[in-house]
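Close look at the chain arrangement
Okay, here's what each chain looks like letter by letter:
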Amino acid sequence: MKQSSAITIRCLEYLGEREVQGLSDVLLDCVEGGASVSFMLPITRGKADAFWRDTAASMARGERVLLVAEDAAGTIVGTIQVIWAQPENQPHRGEVAKMLVHPQARRQGVGAALLRAAEQRAISAGKTLLVLDTANEDAERLYARQGWQRVGVIPDYALWPQGGLCSTTILFKALRGA
Ligand SMILES: CC(C)(COP(=O)(O)OP(=O)(O)OC[C@H]1O[C@@H](n2cnc3c(N)ncnc32)[C@H](O)[C@@H]1OP(=O)(O)O)[C@@H](O)C(=O)NCCC(=O)NCCS
């Protein structure tokens, strides 16, 4: 899947040490830049690495897929996940999570390309509904551009990395006929 001549989107089968380090670089810069994506400051590299190793174990159990955006040198500049693991009465549903683009790679369409590829992957897996939540207004505009519907806002849902409560917005996208 090509986004432009410079960026390639790839669905990873497993995470080796190179991928863990590259993903941690992106996660650390996003959290240190203020993104509310489950982590508080200060965030250590050890904590970031442990998160991606847990993600790798979950991928190996077939609970989720992870896609990366890589630049021409093969450096990971962005990532997104689709979580398949849902209750048995929701086999048609997936959850989009951890869309992260390195600050230096933003505003070039990398996030949009990752989202398109994640949706395509979900369609290929037979999913008809995707859901997500986000505390990021830039991300919310991106989702809206790609046809996601805004359900509403939950106030005081989580903490910003530096502290202080932040709200989250719930969105969904029906994939049937996409
Ligand atoms: C949200 C996030 C993933 C967006 O990634 P991104 O790669 O910058 O996304 P895109 O480039 O596709 O779109 C971002 C903006 O750049 C614009 N853009 C895209 N390609 C462009 C180009 N070639 N030239 C100029 N602008 C461009 C888009 O129109 C969009 O504009 P807008 O902010 O006015 O709506 C990124 O900001 C991020 O990682 N944030 C921190 C982590 C986070 O909070 N993630 C959300 C979790 S749900």
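Residues numbered from 1 in each chain as written. Predicted model: local features only at pLDDT ≥ 70, side-chain atom pairs only at ≥ 80, totals over all residues. Heavy atoms only, no water.

**Things to note about the overall build of the protein**
A count of helices and strands for the protein gives four helices and seven strands. Overall, the protein shows an N-to-C arrangement of helices and strands of β-α-α-β-β-β-α-β-α-β-β. For 178 residues, the compact-globule estimate of 2.2 N^0.38 gives 16 Å, and the protein sits close to it at 16 Å. Taken over the C-alpha atoms alone, the protein extends approximately 40 × 40 × 30 Å along its principal axes. Across the protein, 20 positive and 19 negative side-chain charges occur, with their mean positions spaced 5 Å apart. (Helix = DSSP H or I, 4+ residues; strand = E, 2+ residues; numbered from the N terminus. Rg over C-alpha atoms; globule rule 2.2 N^0.38 Å. Lys, Arg positive; Asp, Glu negative; His and termini not counted. Charge placed at Lys NZ, Arg CZ, Asp CG, Glu CD.)

**Notes on the sheet that holds strand 4 (residues 93–101)**
Reading across from one edge, 1-2-3-4-5-7-6 is the order of the seven strands in this open sheet, with mixed pairing throughout. Edge positions in the sheet fall to strand 1 (8–12) and strand 6 (149–159), since each has one partner strand and no second. Across the sheet, the mean angle separating the axes of adjacent strands is 25° when strand polarity is ignored. Looking at chain direction, strand 3 (residues 76–83) and strand 4 are connected through five bridges and run antiparallel. When the bridges of strand 4 are listed, Gln-81 appears paired with Ala-97. (Pairing = 2+ DSSP bridges. Axes fitted to C-alpha atoms, helices over the stretch in contact; angles between N-to-C directions.)

**Some thoughts on the nonpolar core**
Of all hydrophobic cores here, the largest spans 29 residues; its most connected members are Ile-9, Leu-67, Ile-80, Leu-114, Leu-115, Tyr-143 and Trp-148. With eight residues, helix 3 (residues 110–124) is the single largest residue contributor to this core. If you look at the next biggest cluster of nonpolar residues, it comprises 21 residues, including Leu-23, Leu-27, Ile-43 and Val-68. (Core = buried A, V, L, I, M, F, W, Y, C linked by side-chain atoms within 4.5 Å. Buried < 20%, exposed > 50% of the residue type's maximum accessible area, 1.4 Å probe, protein only.)

**Focus: the pairing of strand 2 (residues 64–70)**
Where burial is concerned, most of strand 2 is hidden: six out of the seven residues are buried. Bridge analysis of strand 1 against strand 2 gives five bridges, and the strand direction is antiparallel. Note on strand 2: the bridge partner recorded for Arg-10 is Val-68. Pairing of strand 2 with strand 3, which is carried by seven bridges, proceeds in the antiparallel orientation.

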